[in-house]
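Here's the letter readout for the chains.
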Amino acid sequence: MPNAIAQALAEMSRQIQQIEARRVLKSRSERSHLAAESQGIQDVIDAVLFRCYGLSDDEANYISNRLKEML
């Protein structure tokens, strides 16, 4: 993975951490999902990682859907 991409992913991860740290979560259900703002960033991270690992769109969609089912 090129260094610039790795740095961008790390920065996006820091943004998610900052957003999530501000949330007040009361239930287990709330804790199992990211805030909408965080989820958008996470979706970009996932797409980049799927491409870096050579996954097809179908494979990426399968993984994304399975993760959603697990939550």
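Described below are features of the structure shown in this document. Bear in mind that the values here come from a model prediction, so they are computed numbers and not experimental data. (Residues numbered from 1 in each chain as written. Predicted model: local features only at pLDDT ≥ 70, side-chain atom pairs only at ≥ 80, totals over all residues. Heavy atoms only, no water.)

1. Examining the overall build of the protein chain
Step number 1: Each helix and strand in the protein chain was counted, giving 4 helices and 0 strands.
Step number 2: Taken along its principal axes, the extent of the C-alpha atoms in the protein chain is 40 × 30 × 15 Å.
Step number 3: Counting all 71 residues of the protein chain, 15% fall into the buried class.
Step number 4: Long-range contacts, defined here as pairs at least 24 residues apart, represent 40% of the contacts in the protein chain between residues at least 6 apart.
Step number 5: Accessible surface, the protein chain: about 5500 Å² in total, of which carbon and sulfur atoms supply 54%. (Helix = DSSP H or I, 4+ residues; strand = E, 2+ residues; numbered from the N terminus. Buried < 20%, exposed > 50% of the residue type's maximum accessible area, 1.4 Å probe, protein only. Contact = heavy atoms within 4.5 Å. Areas by Shrake-Rupley, 256 points an atom, 1.4 Å probe, with all protein chains shown as cover.)

2. A closer look at the packing of helix H1 (residues 3–21) against helix H3 (residues 36–52)
Step number 1: Packing of H1 against H3 leaves a shortest axis separation of 9 Å and a crossing angle of 155°. It follows from the interaxial angle that H1 and H3 lie roughly antiparallel. Considering only the axes of H1 and H3, their crossing is left-handed. When H1 is examined against H3, the residues Ile5, Leu9, Met12, Ser13, Gln15, Ile16, Ile19 and Glu20 are found in contact with a partner set consisting of Glu37, Ser38, Ile41, Gln42, Val44, Ile45, Val48 and Leu49.
Step number 2: Of the residues belonging to the contact of H1 with H3, the class tally is 10 nonpolar, 4 polar and 2 charged. (Axes fitted to C-alpha atoms, helices over the stretch in contact; angles between N-to-C directions. Parallel < 35°, antiparallel > 145°, perpendicular 65-115°, else oblique. Left-handed = near helix turned anticlockwise from the far one by under 90°. Nonpolar A, V, L, I, M, F, W, Y, C, P; charged D, E, K, R; others polar.)

3. Here's the deal with H1
Step number 1: Helix length check: H1 (19 residues) gives 27 Å between terminal C-alpha atoms against 27 Å at 1.5 Å per residue, within 8%.
Step number 2: Every buried residue belonging to H1 is among Leu9, Met12, Ile16, Ile19 and Glu20, and all of these are buried. One face of H1 carries all of its buried residues, which in axial projection span an arc of 95°. Of the residues in H1, the exposed ones pointing more than 90 degrees away from the buried face are Asn3, Ala4, Gln17, Gln18 and Ala21. (Expected span 1.5 Å × (residues − 1). Arc of directions from axis to C-beta.)

4. Regarding the pattern of salt bridges
Step number 1: With the rule as written, the count across this model stands at 4 salt bridges.
Step number 2: Between Asp57 and Arg51 there is a salt bridge whose closest N-O contact spans 2.4 Å.
Step number 3: Judged by relative accessible area, Asp57 falls into the partly exposed class, the value being 47%.
Step number 4: Here Arg66 and Glu69 are joined by a salt bridge, their closest N and O atoms 2.7 Å apart. Of this pair, Arg66 and Glu69 both sit in helix H4 (residues 57–70), separated by 3 residues, roughly a single helical turn.
Step number 5: Note on Arg66: relative accessible area 37%, which makes it partly exposed.
Step number 6: Judged by its relative accessible area of 55%, Glu69 is exposed. (Salt bridge = Lys/Arg side-chain N within 4 Å of Asp/Glu carboxyl O.)

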